[in-house]
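A closer look at the structure
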Amino acid sequence: MKCNFALLAVLTLIGSCQLAEGSSRKKRSAFVPLPFSVDLDVSPAKRTGTFINKETRTGSESEISEECSEGSVDVDGQCTQCSPGTFASGGVCVQCPKGTYQTSSGKTFCTSCPAGDSTISVGSSSASSCIVVCKIPEVDFGTPDPPAGYEIAAGSTVTITCDSTYKIRNSNVFQTTCAAELPSCSYVTTAAENSQVIGGTNGVLTCQVTSGDAPSACTWYKNGNQVSSGVSSISSDGDSHQCTLTLPSFSSSDVAVYQCRAVINGNTEIAARTVSVGL
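Nothing here was measured: the structure is a model prediction, and the numbers come from that model.

What follows concerns the state of the cysteines. For the structure shown, the criterion picks out eight disulfides. Two residues share a disulfide in this structure: C68 and C79, whose sulfurs sit 2.0 Å from each other. Here the disulfide of C68 and C79 is left-handed, its torsion about the S-S bond being about -90°. With C68 in the loop between β5 (59-65) and β6 (72-75) and C79 in strand β7 (residues 78-81), this pair connects stretches of sequence that are 11 residues apart. Note that C82 is cross-linked by a disulfide to C93, the S-S spacing being 2.0 Å. As the torsion about the S-S bond is roughly -90°, the C82-C93 disulfide counts as left-handed. Highlighted residues: C82 in the loop between β7 and β8 (86-89) and C93 in strand β9 (residues 92-95), separated in sequence by 11 residues.

Further remarks concern unusual backbone geometry. Following D145, the chain continues to P146 via a peptide bond in cis, the omega torsion being 5°. Positive phi, normally seen in glycine, also occurs at D76, with a value near 55°. Relative to the helices and strands, D76 resides in the loop between β6 and β7. Despite not being glycine, N223 has its phi angle at roughly 50°, a positive value. As for its position among the elements, N223 is in the loop between β20 (217-222) and β21 (225-226).

Once that is clear, we can look at the packing of aromatic side chains. Enumeration over the complete set of coordinates arrives at two aromatic pairs. Consider the rings of F141 and Y166, whose centres lie 4.7 Å apart with planes at 10°: the pair is stacked. Here F141 is found in the loop between β12 (133-135) and β13 (142-145), whereas its partner Y166 is found in the loop between β15 (157-162) and β16 (173-177), with 25 residues between them in sequence. Here F141 falls in the partly exposed class, since its relative accessible area comes to 23%. With relative accessibility at 14%, the residue Y166 sits in the buried group. A centroid spacing of 5.7 Å and a plane angle of 50° characterise the contact between Y166 and Y187, whose relative ring orientation is tilted. With Y166 in the loop between β15 and β16 and Y187 in strand β17 (residues 186-190), this pair connects stretches of sequence that are 21 residues apart. For R261, the ring lying beneath its charged end belongs to Y221, and the centroid distance is 3.9 Å.

Scoring rules and cut-offs
Sequence order as written defines the numbering, with residues in each chain counted from 1. Two thresholds apply to this predicted model, a pLDDT of at least 70 for residue-level local features and 80 or more for giving and counting side-chain atom pairs, whereas whole-chain, interface and lining totals are computed over all residues. Note: side-chain values were computed over all heavy atoms of the structure, leaving out hydrogens and water. What counts as a disulfide here is a pair of cysteine sulfur atoms lying within 2.5 Å. Helix numbering and strand numbering both begin at the N terminus, where a helix is a DSSP run of H or I of at least 4 residues and a strand a DSSP run of E of at least 2. Aromatic pairs are defined between Phe, Tyr and Trp rings, using the six-membered ring for Trp, whenever the two ring centres lie within 6.5 Å; interplanar angles under 30 degrees are classed as stacked, those over 60 as edge-to-face, and all others as tilted. Relative accessibility thresholds used throughout: buried, under 20% of the residue-type maximum; exposed, over 50%; partly exposed, between the two (1.4 Å probe, protein chains only). In our convention, an over-ring charge means Lys NZ or Arg CZ found within 6 Å of a ring centre and within 35 degrees of that ring's normal.

This is the structure we're talking about:
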């Protein structure tokens, strides 16, 4: 906004004037105008004034700074309110951080989400952006999508792609709901796909489980039926785990196809081997 003002400044000179010797007329004041005018340029952000000497017609411009109101910042000489999703701080508009929001313009703060809720990104402008979020964890021997460390809405789906030869529920690609802990990819093998046990000796069957989490259980099956005899055990060394089944006095009746089923994070991984008796 451009405003032109003619400013008349006056200086009051007070003295005694005698019109004639012996006169009894009262003294009067003399008003003398100062020889300059002011031309002002006024805007919401700042004002500039040009002071011009009336006699020489010369002048200089000086800037009269004026701070913007709270919630506004100076943008190219104009005071501009910060938009929703942001707040004014240090002369600039800053996006509301995660876990906060701002619905209005011209504010100097953001409102925190209710306890237990957060926002997925910065710059939220609505209270509805406050949701229960799930931070995606790392996956042993696999890669989650979205990547580990991302925050998504609780209950959203995460796709896990296991490393080569590793699986979840015997699948290389597995989908699950986001949680604080995701299933580990695992690799289950037997010591030998085909092996021979000498009759009358103990038959020791093993399967190797490579997983970030140890199996919670290992069960063995003989020709599809769960084995009820023998001794089953689990041993671990770091990410390497071993399921063992010991069958005493192995005989021809024990010749079969055996399956090792390792239960990891509620998922069952299967490896099979064929065992024959030696003559």
